[in-house]
Amino acid sequence: MELTKKNKGKVIVKPPISSIGIPGWIRENLFSSPFNTVLTIIIVSILWFSILPFLNWALIDSSWLPDANCRESDGACWSIISSNYKIILFGFYPQDILWRPITAIFLLVSLLFISRNRNYWNAFLGYSWIISLVIMGILLKGGILGLEAVDIERWGGIILTLLLSVFGLTAAYPLGVILALGRQSKMPVIKTFCVFYIELIRGVPLISLLFMSSVVFPLFLPEGVSINAILRAQIAIIMFTAAYVAEVVRGGLQGMNKGQFEAADSLGLNYFQTMRLIILPQALKIVIPPSVSVLISAFKDTSLVVIIGLYDLLKTTQTTLSEPKWMGFSAEAYIFIAIIYFVCCFFMSNYSRKLEKELDTGL
Amino acid sequence: MNEEKTKKEDVSSEDTVIEIVNMHKWYGDFHVLNNINITVKKKEIIVVCGPSGSGKSTLIRCINRLEEHQKGQIIVDGIELTKDLKNIEKVRSEVGMVFQHFNLFPHLTIVENLTIGPIWVRKIPKKEAEKIAMFYLEKVQIAEQAAKFPGQLSGGQQQRVAIARSLCMKPNIMLFDEATSALDPEMVKEVLDVIINLAHDGMTMIVVTHEMGFAKSVAHRVLFMDEGEIIEENDPEEFFNNPQNDRTKLFLSQILY
């Protein structure tokens, strides 16, 4: 009881100084018992002996400039990135017109950032999205307005990863919600179809779906008709993710209190109004954390398109690594793309936490 | 409750608003409602009481089709309840319902809770719906909470909001399903006062309740249910002072100290 003072006749007792602040925290969490003290010392020494060499390798002994001769130094060879970033990030997109994908990606990222703030959600933002998507398409594809045409097969690297994941996730989520509602439906045909679809898709690995989309599916198309490989992979990803989203959303729907349906019914709201205005806003809020998990893993799963020969971020990196000059520097290259994936996933989970906080109404 | 406040309105009109004829309902093999016959006139206030599991809640939930009956007829405001969804929605928008657990929409503010029905079912413009909402919030004396969320209100306040939400639909009939049973004792009165005020305004009401004092002073008729049947039906004086049926006597002796 080091500090006491009177306030409105009440004596306010502050906690002892040794239990608050940084010293208090250290004592409480690191040295609270002999056993914990020993653990702390062991862990700190492990960190010391593993992190220091890593930092030395990554930052001090490393070479950064393009075309540096990495073979002579012991450190990391970041030159593989600085020499090959165009291939890694953009695949075989013609290198003299890289400003086009860069502008498109910049446009996409800034719109995503603006859309994070729900205060900006209005018709204007909706139109901006539509117009920007058209602009992005024109920028990437070219062929009009004097822009050189670029074949879709040449899109690669981060362009492909973003394309597959942004469209994949935005299409899969509503589809998943519809499937979840269908599975809860009282109409037997719809219900059976949704259950069948969800169980079928969840029962096969994404890789086999991708294989089917690239090998089996074209067999059923009439001769002369072909659907672009990227589009087929995109559809496979959407179908796969939607099934998982559906099960997550179904969990949220089942968690809803029956009273909410009854209250909506007793006001005379019809099925669609009840779902749109009452049930889904609450159910989807409950399932934000698991949905974001599904979306994050779907985002990372886009790298599986490697196996059907699409050049996404992972494949372009591997291409670079197969050049004799850069063989053996895979650690650096994989760390680089790991960082790109991490940044994207971090923003997704960060946004989901922000959204949860915003939507919290105390019940 | 003083004499004047609890004076009962006369049932002036002889119009029948609810008619239930030979109605049966089963849950699986369990005969939950057995041959129910009720006629409710305009402005009439009917209290339904009985032991738990006797089917009282199921009965009033059948009146706005939250539960489906399997045999007999239910006619509300001249509309017979059948599988026809249009009719069901029409009846529901004419019949207000207040639940034991309030069932407010927790993701909407109080005023949004009140306007959602008028805007989407009655197609009233938002501005006007908000005016109606504020009028009824004043009426249940809770207007200052309009911008809050249900989770920030006490149980009694939430139940008053729930009543106001039903009133915003301008219903002809109000159903109360144990509206005070989930409340802390000191909040029961504020909710009963709102219901009593409604009674004075001439609202037709069916009230399932265990508040016998309320039944005595407000009801025109008391129905006693047991095991899915209406055992006794009488005016409150007779019902409490001179119960006819043995089961009614037993029930009253158990709940009145």
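Refer to the structure above for everything that follows.
Here is what the cut-offs are and how they apply
Residues numbered from 1 in each chain as written. Chains lettered and ligands numbered in written order. Predicted model: local features only at pLDDT ≥ 70, side-chain atom pairs only at ≥ 80, totals over all residues. Heavy atoms only, no water. Buried < 20%, exposed > 50% of the residue type's maximum accessible area, 1.4 Å probe, protein only. Helix = DSSP H or I, 4+ residues; strand = E, 2+ residues; numbered from the N terminus. Axes fitted to C-alpha atoms, helices over the stretch in contact; angles between N-to-C directions. Parallel < 35°, antiparallel > 145°, perpendicular 65-115°, else oblique. Left-handed = near helix turned anticlockwise from the far one by under 90°. Nonpolar A, V, L, I, M, F, W, Y, C, P; charged D, E, K, R; others polar. Contact = heavy atoms within 4.5 Å. Buried area = accessible area lost by both parts, 1.4 Å probe. Salt bridge = Lys/Arg side-chain N within 4 Å of Asp/Glu carboxyl O. Pairing = 2+ DSSP bridges. Expected span 1.5 Å × (residues − 1). Arc of directions from axis to C-beta. Core = buried A, V, L, I, M, F, W, Y, C linked by side-chain atoms within 4.5 Å.

A. Helix α1 (residues 56-63) of chain B, seen in detail. Residues and elements named next belong to chain B. Of all eight residues making up α1, seven are buried, and the element is well covered by its neighbours. Where α1 is concerned, the buried positions are K56, T58, L59, I60, R61, C62 and I63. Residue R65 follows α1 closely and has a positive phi angle near 65°.

B. Quick look at the packing of helix α6 (residues 157-184) of chain A against helix α9 (residues 229-254) of chain A. Residue and element names in this part refer to chain A. Remark: α6 packs on α9, axes separated minimally by 5 Å, with the N-to-C direction vectors making an angle of 40°. Between α6 and α9, the angle is such that the two are oblique. In this structure, α6 meets α9 at a crossing whose hand is right-handed. For the contact of α6 with α9, a count of residues per class yields 21 nonpolar, six polar and three charged.

C. The arrangement of the interface of chain B and chain A in detail. Between chain B and chain A, the residue contacts involve 23 residues of the former and 21 residues of the latter. Across the chain B to chain A interface the summed buried area is about 2100 Å²; carbon plus sulfur atoms make up 63%. Joining chain B to chain A, the criterion identifies two salt bridges. One salt bridge connects R92(B) with D265(A), and the closest N-O pair in it is separated by 3.9 Å.

D. Molecular detail of the pattern of salt bridges. For the structure shown, the criterion picks out 23 salt bridges over all chains. One salt bridge in this structure joins E44(B) and R221(B), with 2.9 Å as the shortest N-O distance. Here E44(B) is found in the loop between β2 (30-41) and β3 (45-49), whereas its partner R221(B) is found in strand β9 (residues 221-226), with 177 residues between them in sequence. One exposure class covers both E44(B) and R221(B), and it is buried. Across the salt bridge formed by D226(B) and R247(B), the nearest N and O atoms sit 3.3 Å from each other. Note that D226(B) is positioned in strand β9 and R247(B) in helix α9 (residues 246-255), a separation of 21 residues in sequence. Accessibility expressed as a relative area gives 12% for D226(B), which makes it buried. Since its relative accessible area comes to 34%, R247(B) is described here as partly exposed. Salt bridges here are not isolated pairs; linked through shared partners, they connect R183(A), E199(A), R202(A), E247(A) and R250(A).

E. Region of the structure containing the pairing of β2(B). All names here are of chain B. Sheet topology places strand β1 (residues 16-27) next to β2; eight bridges connect them, and they run antiparallel. Within β2, the residue paired with E19 across the bridge is T39. The antiparallel hairpin formed by β1 and β2 contains two residues in its connecting segment, where G28 sits at a positive phi of about 60°.

F. Representation of the environment of S32(A) in the model. Along the chain, S32(A) falls in the loop between α1 (21-30) and α2 (34-60). Taking relative accessible area as the criterion, S32(A) reaches 46% and is therefore assigned partly exposed.

G. Quick look at the environment of F99(B). Of note, F99(B) is situated in the loop between β6 (95-98) and α3 (110-120). The exposure class of F99(B) is buried, given its relative accessible area of 4%. Spatially, the C-alpha atoms of F99(B) and S181(B) are 9.7 Å apart, while their sequence positions differ by 82 residues. If we skip the residues at most four places from it in the chain, F99(B) touches E262(A), A263(A), S266(A), L66(B), Q159(B), D177(B) and A179(B).

H. Just the sheet that holds β1(B), in detail. Pairing within the open sheet is antiparallel, and its four strands lie in the order β2-β1-β4-β5 (chain B). With partners counted over all chains shown, the strands left at the sheet margins are β2 and β5 (79-80) of chain B, one partner each.

I. Focus on unusual backbone geometry. Residue and element names in this part refer to chain B. In this structure, N22 takes a positive phi of about 45° despite not being glycine. Residue position: N22 is located in strand β1. The backbone of Q141 shows a phi angle near 60°, a positive value even though the residue is not glycine. With respect to the element layout, Q141 can be found in the loop between α4 (126-139) and α5 (155-167). On the accessibility criterion, Q141 (61% relative accessible area) is exposed.

J. Molecular detail of α4(B). All names here are of chain B. If you check α4, its first and last C-alpha atoms are 20 Å apart, about what 14 residues at 1.5 Å a residue would give, namely 20 Å. Those residues of α4 not exposed but buried are A129, I132, A133, Y136 and L137. The arc enclosing the buried residues of α4, seen along the axis, measures out at 135°, which places them on a common side. Every exposed residue of α4 that faces more than 90 degrees away from the buried side is listed here: K127, K131 and E138. On the buried face of α4, the contacting elements are α3 and α5. Of the residues one or two after α4, Q141 is the one with positive phi, at around 60°.

K. Quick look at the sheet that holds β3(B). Residues and elements named next belong to chain B. Pairing is mixed across the open sheet formed by six strands, whose spatial order is β6-β7-β8-β3-β9-β10. Edge strands, defined here as strands with exactly one partner in the open sheet, are β6 and β10 (229-234). Neighbouring strand axes in the sheet, compared pairwise and without regard to direction, differ in orientation by 20° on average. As paired strands, β3 and strand β8 (residues 204-208) are joined by four bridges and run parallel to one another. Across the sheet, V47 pairs through a bridge with V207, a residue of β8. Along the sheet, α1 makes contact with β3, β6, β7 (173-177), β8 and β9, crossing β7 at roughly 150°.

L. Representation of the nonpolar core within the structure. In terms of nonpolar packing, the biggest core is built from 122 residues, with Y93(A) and I20(B) touching the most fellow members. Sorting elements by how many residues they give to this core places α9(A) first, with 13 residues. Those residues in contact with I20(B) that lie beyond four places of it in its chain are I36(B), N37(B), I38(B), L59(B), I63(B), Q73(B) and I74(B). Membership of the second largest hydrophobic core comes to 54 residues, among which are I132(B), C168(B), A179(B) and V207(B).

M. Fine view of the packing of α9(A) against helix α12 (residues 288-301) of chain A. All names here are of chain A. Viewed as axis vectors pointing N to C, α9 and α12 meet at an angle of 165°, and their least axial separation amounts to 9 Å. The angle between the axes of α9 and α12 places the two elements in the roughly antiparallel class. Taken as a pair, α9 and α12 cross one another with a handedness that is right-handed. Between α9 and α12, the contacting residues are F240, T241, Y244, V245 and V248 on the first element and P290, S291, V294, L295, A298 and D301 on the second. A breakdown of the residues in the contact of α9 with α12 according to their chemical character gives eight nonpolar, two polar and one charged.

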